[in-house]
Amino acid sequence: QSYRDLPKLLYQIQVKFRDEPRPKGGLMRVREFSMKDLYSFDIDEAGLDQSYQEMLRAYQNIYDRCGLPTLLVEADSGAIGGKDSHEFMVIAQSGEEEVVYCDSCKYAANVEKAESAKEKIKAEKPLPIEEVATPGVTTIEDLAAFLEVPQSYTMKTLFYIADGELVFVVIRGDLEVNEVKLKNVLHCYELRLANEDEVTEKGIVAGSASPVGVRGVKVVADDSVTPGMNFVAGGNKPDTHIKNINYDRDFQADMVVDIALVRAGEGCPHCEGKLSVAHGIEVGHIFKLGTFFSETLDAFFIDEKGVSRPIVMGCYGIGLGRLLAATIEQNHDDKGVIWPRPIAPYQIYLCPLYREDTKVAEIAEKLYDELEAAGLEVLFDDRMESPGVKFND
C-alpha cells in the first residue's frame, strides 16, 4: 500500500501448464513443467534497475553453481512485453533456440532480437530508372543471374497481413525478413504472409512488385535499402523489372527500420568482430515489465508525497526441467549422466556386499546414519544383488 512496503521480491516454485505450439521430447517444451517465478516490486525505474541487476547476478550465480556455462543474451519480450529482456542460454547442439554472439566482445542476442552491421554497398551515382524485360523471372536468385548483378543490388518485396491490414515490406535481396522484429515495429497481435488474392485486391502484381508508385498501402522498408543505390526490383507488371531504383527519389516508406534476420559472418553492431550463430537451450528469462500489469490490475501504492502511483515490476523465471536438461547436455558420457556435485541427487553411493553377513549389514547401516547426520546425501544400495550387478549399475 505504501512506498515503505517497497521494494519487495516474491517468488514461487510451482507446476505450470501451457499449450505449447511445438512440444518436444524429454524435458524441453513440455506442456506441464515446474517453474521458479519471481516478481520484483519497486517504487520507480531506478529501483527496478537495481532489482533487475541483483536478480541477474543471482541467476548467474545459480547457473555457475549448477556447473552450467551460460551466455546472457538480449531477448525479445514476446507476449509478456516489457522494456528490457534477457535470456540465459546454454550453447548445445540439441538446443531449440538460435543464438547470435560476437567472439570479440560480449554482444549476444537471440535470433529474434539480434542486430548486425550490414554489409555496405559500394557508393554510386544514381542512374535514371529503366525498365527491362525479364521473361519468366520471379525469384531474386533468377533475377540476379539474369541481369548479372549481386543479390545485394536487388530489392525483395513481401506482403503481410498485420491485424487485417496489408503491409508492403521491402528489404535488400540478399537478406531475409525477421518476422518477430516486423511484428514488434508494427505493434500488431497477428502477422502472417498475405495470399495472392489479398495482394491483387490492392492492384499489386504479386511476384513482380516494387514500391515505386505504390499508393494506399503501408510500406515498411528495412534500413538496408536506404544507403544503397541503383537497386533492381519488380516492374509492377508481369515479366518486367525496374533498374536503378533509389530510396527517396523513387519511393518512400512509412517506416524505415531494422527488420532483417541476422546471419553468421555478418558484422557485430558493437565492435569490428564477426557474428556467430549457435543453437542454445534457454534456462532462464528475465523482463522489465514496468507498470503495464500494475496499471491494468490497479496495483498502486502511495508515495512519500501522498500521491497514488503504479508499482514498477520485473519478472524473472527459471524452468527447472530445462535446467536439468541443459545440465545433462553439458555433463554426460556414453554411460549416462555425470551430475555436477551441487545438484547431484546424492553425493555418495554406499554399496554393502554380502549383506547376509550381519556385521556388514550393521556397519553399513551405521555408516549410512553417520553420513546422513553429517549432511551428505547417500544412495544406499541395499538390494540383495550380486557384486557384479551392483558394480555394473
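Structural data are supplied above this passage.
Described in the following lines is the structure provided in the data block.

1. Quick look at the environment of Tyr63
Among the structural elements, Tyr63 can be located in helix H1 (residues 45-65). For Tyr63 and Val283, which are 220 residues apart along the polypeptide, the C-alpha to C-alpha distance reads 8.8 Å. Apart from the residues lying within four places of it in its own chain, the contact partners of Tyr63 are Leu68, Thr70, Phe88, Val283, Gly284, Ile318 and Leu323.

2. With respect to the environment of Ser34
With respect to the element layout, Ser34 can be found in strand S2 (residues 32-42). Each residue touching Ser34, except ones within four places of it in the same chain, is listed here: Gln14, Val15, Ile318, Gly319, Leu320 and Gly321.

3. Description of the layout of surface pockets
Within this model, the second largest pocket holds a volume of roughly 380 Å³. Every residue lining the second largest pocket is counted, 21 residues in all, and those nearest its centre are Thr138, Thr157, Leu158, Phe159 and Gly207. Among the secondary structure elements, those contributing two or more residues to the lining of the second largest pocket are helix H2 (140-147), strand S8 (155-162), helix H4 (196-200) and strand S12 (231-234). No other element matches S8, which puts five residues into the lining of the second largest pocket. By residue class, the composition of the lining of the second largest pocket is eleven nonpolar, eight polar and two charged.

4. Structural notes on the nonpolar core
Core analysis: the largest hydrophobic core is formed by 23 residues, its most contacted members being Met155, Phe159, Leu166, Phe168, Val170, Ile204 and Ile245. Every element with two or more residues in this core is listed here: S8, strand S9 (165-172), strand S11 (218-222), S12 and strand S13 (240-245). Beyond its immediate chain neighbours, meaning those up to four positions away, Ile204 contacts Phe159, Leu166, Phe168, Val199, Ala209 and Val217. Ranked by size, the runner-up nonpolar core spans 22 residues in total, among them Leu56, Leu68, Tyr316 and Leu323.

5. Details of the sheet that holds strand S10 (residues 191-193)
Read across the open sheet, the five strands follow the order S10-S8-S9-S11-S14; overall the sheet is mixed. What marks the edges here is a single partner per strand, and that holds for S10 and strand S14 (255-257). Across the sheet, the axes of successive neighbouring strands diverge by a mean angle of 30°, strand direction being ignored. In this structure, S8 lies alongside S9, joined through eight bridges in antiparallel fashion. Following the sheet pairing, Lys156 is matched in S9 by Ile171. With respect to the sheet, helix H3 (residues 179-186) is in contact with S8, S9, S10, S11 and S14, its orientation differing from that of S10 by roughly 125°.

6. Here's the deal with a nonpolar patch on the surface
On the surface, Leu27, Leu324, Val337 and Trp339 cluster together to form a nonpolar patch covering roughly 310 Å² of accessible area. Residue position: Val337 is located in strand S20 (residues 336-337). Exposure remark for Val337: the relative accessible area of 39% places this residue in the partly exposed category.

7. Regarding the sheet that holds S13
Across the sheet, which stays open at both edges, the three strands sit in the order S7-S13-S12 with antiparallel pairing between neighbours. Only two strands of the sheet have a single partner each, and these edge strands are strand S7 (130-133) and S12. Within the sheet, the average angular offset between the axes of one strand and its neighbour, ignoring direction, is 30°. Pairing analysis gives three bridges linking S12 to S13, with the strands arranged antiparallel. By the bridge assignment for S13, Gly234 is matched with His241.

What counts, and at which threshold
Residues numbered from 1 in each chain as written. Predicted model: local features only at pLDDT ≥ 70, side-chain atom pairs only at ≥ 80, totals over all residues. Heavy atoms only, no water. Helix = DSSP H or I, 4+ residues; strand = E, 2+ residues; numbered from the N terminus. Contact = heavy atoms within 4.5 Å. 1 Å grid on protein atoms, 1.4 Å probe; cavity = no way out; pocket = protein on both sides within 12 Å on 5 of 7 lines; lining within 4 Å. Points joined across faces, edges and corners; volume = space filled by probe spheres on them. Nonpolar A, V, L, I, M, F, W, Y, C, P; charged D, E, K, R; others polar. Core = buried A, V, L, I, M, F, W, Y, C linked by side-chain atoms within 4.5 Å. Buried < 20%, exposed > 50% of the residue type's maximum accessible area, 1.4 Å probe, protein only. Pairing = 2+ DSSP bridges. Axes fitted to C-alpha atoms, helices over the stretch in contact; angles between N-to-C directions. Patch = residues over 30% accessible without salt bridge, like charges linked within 9 Å, V, L, I, M, F, W, Y side chains within 5 Å. Areas by Shrake-Rupley, 256 points an atom, 1.4 Å probe, with all protein chains shown as cover. Salt bridge = Lys/Arg side-chain N within 4 Å of Asp/Glu carboxyl O.

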